[in-house]
Amino acid sequence: GLEASGVTLESDALQTVTIAAGARQRIEWQATVDDADAVDLTFFASGSEGEFTDASKPPLGQSDARLLPVLRYEVPETVGTGGVLRDAEAVMEAIVLPRRFDVTQGELDINLEPSLAATTLQALDVLKNFPYQCTEQTVSRFLPNIMTYRALAAFDLDNPELERGLTQNVEFALQRLYAQQHVDGGWGWFVQDVSNPLVSAYALIGLAEARNQGFTISESVISRAQDYLKGTLIVPGLDKADWELNRQAFVLYALARSGEPDVARTATLYESRERLAYYTKAFLALTFHAIDEDDDRADVLVSDLINGAILSATGAHWQEEDRDVWNWNTDTRTTAIALEALATIQPDNELIPNIVRYLMVQRQADAWETTQETAWSVMALTDWMVLTGELAPNYDFSASFNDETLVEGTATPENVMVATELVVQIQDMLQDEANRLVIERGEGEGILYYTAHLRAYLPVPEVEPLNRGIIVERRYTLLGDESQTSISEARVGDVIQVRLTIIAPNDLHYVVIEDPIPAGTDAINPDLTTSQQVGTQPELNPNDPLSQGWGWWWFSNIEYRDEKVVLFSTYLPAGTYEYVYSIRAGLPGVYNVIPTTGQEFYFPEVYGRSAGMLFTVEP
């Protein structure tokens, strides 16, 4: 029998069969999946006389629940907006549905937040449940958590869930960092990668802050990391690239934050400050401030930051002259780090509220575009929240959509950490004209933050390939077919080779390739016979340390999951690559196959996808 929620059964829940001793029999239930995020299934069997019984549920998932996730066979397209209301006022946002496709599924997610505490808690949840576990994400799961917990504790705001999550995240991360620290004291992006000063500095910051929060940290792990980083320091000069100076600033900041500042090298780097990016000027200012709060050089660097700020209708932000692909940096990350420097060194600077506004508008749903943007934004906004004391609001607020009230409420100290989450389904929206979202804040103390994100699901078969810096193509062929003829159908039991072609027109850094597999198939154990090939052998870049240490194959970490295969590359030189793996057809049906996607993890605008397609599995 089958007990189910989240699906509509089209056959009897209870079925009676006769199975001979030692035999087996397949039993199927036809069902339609409801509009649900997950389904709850319980399978049970009972002998004819009731003497023998058994039951089973799906294994535990990421949410620690025995539920099967529902993965939509559509491609989401998300756009958003947001703002900050500091006074009694009302704002209207116009929401228009995409007109390129007949969009029938999707939703408008609206968040109203009475303080930055609600914002940061949502972002922490995103970091906690992030699907990948490289060293950077391991640290990003707990470092912002520590800073937020410390801030709330300073205001005597208890959050038992945050405290439990902090303890679990730190303990998990510590064991992972201990296990993956290399012999030289550093860490790689993934454990298979060579030690990387950028990754190692970030890990050191996380360990130091965990120690400051009272967690027991192995001092030998910290000292080995410090020794490794000291060995990577350079002498600034014309023979060094700008990105090397930027990285040196971050390493010096990590050493100072962990209690081992290098005063002489920090002073030497200051002499080359004209070559530094804005975000590393912020790190260098924080380093000087950590060494000596009265050091005038910190104020000079902050002045350079202020002079480079860009003011617009959405707030204040910074734009770097060049993309620093070697150091995970984006303009949003720069803005967050600049906010951290100003909040620490010049907390009364009038530019800060505009920086906060800009960061709030840049959120994608509950977090920012990359884990680095999210981590540094959370930490900077948390520090600013402590300075402003905005945790005691007292005002009324409301939201309406097309003149229909969605919510009315009052912001108080009791609900200051709670976001009001609203959802409007696409089928309830106007199709041929702009929809009107009105957010209103009444008189009183406090700040109201709001965001609105429209997520429309595009039909997979209509999705066209896209090239924004990465070209991705996927073909299916039958195993053993020497002609390698592309197929779009197979029979149950067939072994199908998936051929991914990745073309990098330019050198790429920290690349992630995701290839969803048809729902009626399973990926074959990668430890069995699979091939990994490079179509054209790229040339090493002698000026890029990430290109050293790797040979013919460039994807250092490959993950086989239930629903997709994921490839990671720390450094992918310009060239053509082919990765071949196998799947086995197991369940008849016609399946939408979501496109293969590729992107630079810390620069998602460098992106590519294959076309959507249908794949048929015959009995």
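Preceding this paragraph is the structure being described.
Read on for an overview of the structure. Everything quoted here is computed from the prediction, not taken from an experiment.

Details of the packing of aromatic side chains
Describing an aromatic ring pair means giving the distance of the ring centres and the angle of the ring planes.
Working step 1: Counted by the stated rule, this structure contains 26 aromatic pairs.
Working step 2: Centroid distance Trp189 to Tyr510: 5.0 Å. Interplanar angle 80 degrees. Geometry classified as edge-to-face. Remark: Tyr510 occurs in strand β21 (residues 508–516) and Trp189 occurs in the loop between α3 (160–180) and α4 (197–212); sequence separation between them is 321 residues. By the burial criterion, Trp189 is buried, and Tyr510 matches it.
Working step 3: Their ring planes at 85 degrees and their centres at 5.8 Å tell us that Tyr560 and Tyr581 sit as a pair that is edge-to-face. Of this pair, Tyr560 sits in strand β24 (residues 557–560) while Tyr581 is found in strand β26 (residues 575–585), placing the two residues 21 residues apart along the sequence.

Description of the sheet that holds strand β12 (residues 394–401)
Working step 1: Strand order in the open sheet formed by four strands is β8-β15-β12-β13, with antiparallel pairing between adjacent strands. The open sheet is flanked by β8 (89–95) and β13 (404–411), the only strands paired with a single partner. Looking at each pair of strands side by side, their axes are set apart by 15 degrees on average, direction ignored.
Working step 2: Pairing of β12 with strand β15 (residues 435–445), which is carried by seven bridges, proceeds in the antiparallel orientation. Across the sheet, residue Ala399 finds its bridge partner in β15, namely Ile439.

Looking at the pairing of β15
Working step 1: Sheet analysis places β8 next to β15, joined by seven bridges and oriented antiparallel. Each bridged residue has a counterpart across the sheet, and for Met92 the counterpart in β15 is Val438.

What to know about the pattern of salt bridges
Working step 1: One pass over the structure, following the stated rule, counts 20 salt bridges.
Working step 2: A salt bridge links Asp295 to Arg297; the nearest nitrogen and oxygen atoms lie 2.9 Å apart.
Working step 3: Asp295 sits in the buried class, given a relative accessible area of 14%.
Working step 4: On the accessibility criterion, Arg297 (27% relative accessible area) is partly exposed.
Working step 5: A salt bridge links Asp515 to Arg474, with the shortest nitrogen-to-oxygen separation between them at 2.8 Å. Here Arg474 lies in strand β18 (residues 471–478) and Asp515 lies in strand β21, a separation of 41 residues in the sequence.
Working step 6: Each of the salt bridges in this network shares a partner with another, and the network as a whole consists of Glu107, Asp109 and Arg455.

Overview of helix α8 (residues 278–291)
Working step 1: With 14 residues, α8 extends 20 Å from end C-alpha to end C-alpha; this agrees with the ideal 20 Å at 1.5 Å per step.
Working step 2: Counting buried positions over the 14 residues of α8 gives 11, a clear majority of the element.
Working step 3: Considering only its buried residues, α8 is in contact with α6 (242–257), α7 (263–270), α9 (296–308), α10 (331–345) and α12 (371–388).

A word on the sheet that holds strand β27 (residues 589–593)
Working step 1: On the basis of which strands lie adjacent, the open sheet formed by three strands has the order β19-β30-β27 and mixed pairing. Looking at which strands have only one partner, the edges of the open sheet turn out to be β19 (489–491) and β27. Taken pair by pair, the neighbouring strands of this sheet meet at an average axis angle of 25 degrees, ignoring direction.
Working step 2: Across five bridges, β27 lies against strand β30 (residues 613–618) in antiparallel orientation. The residue of β30 that forms the bridge with Asn592 is Leu614.

A word on the layout of surface pockets
Working step 1: As a volume, the second largest pocket reaches approximately 500 Å³.
Working step 2: Contributing to the lining of the second largest pocket are 17 residues, with Gly1, Gln15, Phe44, Ala45 and Ser46 lying nearest its centre.
Working step 3: Secondary structure elements with two or more residues in the lining of the second largest pocket: β4 (38–46) and β5 (53–56).
Working step 4: Top contributing element to the lining of the second largest pocket by residue count: β4, with four residues.
Working step 5: Class assignment of the residues belonging to the lining of the second largest pocket gives a composition of nine nonpolar, seven polar and one charged.

With respect to the environment of Thr410
Working step 1: Inspection of the secondary structure assignment puts Thr410 in strand β13.
Working step 2: It is 8.6 Å that separates the C-alpha atoms of Thr410 and Ser398, two residues lying 12 residues apart in sequence.
Working step 3: Of note is the side chain of Thr410, whose polar atom sits 2.7 Å from the side chain of Asp396.

As for a negative patch on the surface
Working step 1: Taken together, the side chains of Asp292, Glu293, Asp294, Asp296 and Asp299 present a region of like negative charge at the surface.
Working step 2: Counting through the fold element by element, Glu293 comes out in the loop between α8 and α9.
Working step 3: Look at Glu293 and you get exposed, because its relative accessible area is 60%.

So, the packing of α7 against α8
Working step 1: At their nearest, the axes of α7 and α8 sit 11 Å apart, and the two run at 140 degrees to each other. Of the possible angle classes, the one that applies to α7 and α8 is oblique. Between α7 and α8 lies a crossing whose hand is left-handed. Here α7 contributes Val263, Thr266, Ala267, Leu269 and Tyr270 to the contact with α8, which in turn contributes Leu284, Thr287, Phe288 and Ile291.
Working step 2: In terms of residue class, the contact of α7 with α8 is made up of seven nonpolar, two polar and no charged.

Reading guide: rules and limits
- Residues numbered from 1 in each chain as written.
- Predicted model: local features only at pLDDT ≥ 70, side-chain atom pairs only at ≥ 80, totals over all residues.
- Heavy atoms only, no water.
- Phe/Tyr/Trp six-rings, centres within 6.5 Å; stacked < 30°, edge-to-face > 60°.
- Helix = DSSP H or I, 4+ residues; strand = E, 2+ residues; numbered from the N terminus.
- Buried < 20%, exposed > 50% of the residue type's maximum accessible area, 1.4 Å probe, protein only.
- Pairing = 2+ DSSP bridges.
- Axes fitted to C-alpha atoms, helices over the stretch in contact; angles between N-to-C directions.
- Salt bridge = Lys/Arg side-chain N within 4 Å of Asp/Glu carboxyl O.
- Expected span 1.5 Å × (residues − 1).
- Contact = heavy atoms within 4.5 Å.
- 1 Å grid on protein atoms, 1.4 Å probe; cavity = no way out; pocket = protein on both sides within 12 Å on 5 of 7 lines; lining within 4 Å.
- Points joined across faces, edges and corners; volume = space filled by probe spheres on them.
- Nonpolar A, V, L, I, M, F, W, Y, C, P; charged D, E, K, R; others polar.
- Polar contact = N/O pair within 3.5 Å; in protein donor to acceptor, adjacent residues only side chain to side chain.
- Patch = residues over 30% accessible without salt bridge, like charges linked within 9 Å, V, L, I, M, F, W, Y side chains within 5 Å.
- Areas by Shrake-Rupley, 256 points an atom, 1.4 Å probe, with all protein chains shown as cover.
- Lys, Arg positive; Asp, Glu negative; His and termini not counted.
- Charge placed at Lys NZ, Arg CZ, Asp CG, Glu CD.
- Parallel < 35°, antiparallel > 145°, perpendicular 65-115°, else oblique.
- Left-handed = near helix turned anticlockwise from the far one by under 90°.

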